[in-house]
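# Summary of the model geometry
For reference, the chains in residue letters:
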Amino acid sequence: LEDNEFCVYYQPMFVTMTGQLKSAEALIRWIKPDGTFISPAQFIPTAERSDLIMDIDWYVTESVCKTLEKQNTMPQFPISVNFSRRHIREKNFTENLVSIVDKYELPHPLLEVEITESAMVGEEDKLYDWIVSIRNAGFSVAIDDFGSGLSSLQFVKDIPADVLKIDKSLLSHNCEDEKERIVLESIFNFAHRLNMKTVAEGVETKEQLAFLRSCECYKIQGYLFARP
Ligand code: C2E
Ligand code: CA
Ligand code: CA
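Please read all numbers here as calculations on a predicted model, not as lab measurements. (Residues numbered from 1 in each chain as written. Chains lettered and ligands numbered in written order. Predicted model: local features only at pLDDT ≥ 70, side-chain atom pairs only at ≥ 80, totals over all residues. Heavy atoms only, no water.)

## Observations concerning unusual backbone geometry
Its identity is not glycine, yet Glu105 carries a phi of approximately 50°, on the positive side. At Asn195, a position not held by glycine, the phi torsion is positive, near 65°. Note on placement: Asn195 falls in the loop between helix 6 (178-193) and strand 8 (197-201). (Helix = DSSP H or I, 4+ residues; strand = E, 2+ residues; numbered from the N terminus.)

Below, the structure written as structure tokens:
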């Protein structure tokens, strides 16, 4: 962080039905001065073992705001930022978020907070208030990696999030397995009936896209359309 070796990439998200560009997700990369590229999968888990992850996530948030500010003459797209579970217990999380975003005079709906489903396990008591406070400040909240972990539908139904991001592990290459389709159709139906917007991540094939259209999935993100 001190040597400025982190940089933020953006992966666009598109409306499933029309292909229209709608928003993007900020994904951190560590690129050393000699060009060595270190993927977040390699360093985020280590950073998450300490409070270092907090500094990293706030750094990404600030970078995103700088990028949005520079684009203020163009249409600005909402950007999603990944926050580690440690932030659920961070004092003044929402106040910090507000103060960064306000410093750049950006409308709050331009920022979306992504929190992974696995973060919810063990944090049930705190999570509800954390999400409500973020949303009350005008930001949007997405549950990331839905379907990858252990959270129960019972719990998700009570979570006041705006968006459910369906984990890429639930999508096979061509989505032709009957049982897989039933599971996914049920998840989309469940989310839509709870008034949550849906995003499918890791979309790589035309077959997946066609199936996601039949499920009325709202947005898609994946190599089929664009890499980060
Ligand atoms: P994630 O939040 O689930 O992000 C999506 C990951 O899927 C990204 O990996 C993205 O590059 C990858 N991806 C996108 N489209 C496709 C596709 O079509 N197929 C496949 N196989 N993969 C696709 P990435 O960038 O390596 O990030 C890995 C994870 O690291 C992220 O997973 C997120 O959990 C974490 N991460 C990244 N940036 C941050 C950050 O700023 N803060 C925190 N706390 N975590 C971060
Ligand atoms: Ca994410
Ligand atoms: Ca994800």
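## Some words on the coordination of the calcium ion (ligand 2)
The protein atoms donating to the calcium ion (ligand 2) are Glu25 (OE), Asn82 (OD1), Glu114 (OE) and Asp144 (OD), with metal-donor distances spanning 2.2 to 2.3 Å. Summarised as a motif, the one-chain spacing of the donors to the calcium ion (ligand 2) is E-x56-N-x31-E-x29-D. A separation of 3.9 Å is found between the calcium ion (ligand 2) and the calcium ion (ligand 3), which share Asp144 as a coordinating residue. Placement of Glu25 in strand 2 (residues 21-31) and of Glu114 in strand 5 (residues 111-116) is noted, with a sequence separation of 89 residues between them. Under the relative-accessibility criterion, Glu25 is labelled buried at 5%. (Donors = N, O, S within 2.8 Å, 3.2 Å for Na, K, Ca; no water. Buried < 20%, exposed > 50% of the residue type's maximum accessible area, 1.4 Å probe, protein only.)

## Here we look at the nonpolar core
Note on soluble globular proteins: their nonpolar side chains tend to be buried together. Ranked by internal contacts, the top residues of the largest apolar core, which has 65 residues, are Leu97 and Trp130. The element that contributes the greatest number of residues to this core is helix 2 (residues 52-70), accounting for eight residues. Filtering out sequence-adjacent residues up to four positions away, Leu97 remains in contact with Trp58, Thr61, Phe83, Leu111, Val113, Ile134 and Phe139. (Core = buried A, V, L, I, M, F, W, Y, C linked by side-chain atoms within 4.5 Å. Contact = heavy atoms within 4.5 Å.)

## Here's the deal with the coordination of the calcium ion (ligand 3)
Ideal values differ by geometry: the angle at a metal is 109.5 degrees with four tetrahedral donors, but 90 or 180 degrees with six octahedral donors. On the protein side, the calcium ion (ligand 3) has Asp144 (OD), Asp145 (OD), Glu201 (OE) and Glu201 (OE) as donor atoms, found 2.2 to 2.7 Å from it. In the primary sequence, the donor residues of the calcium ion (ligand 3) line up as D-D-x55-E. In this structure Asp144 comes out as buried when scored by relative accessible area, which is 5%.

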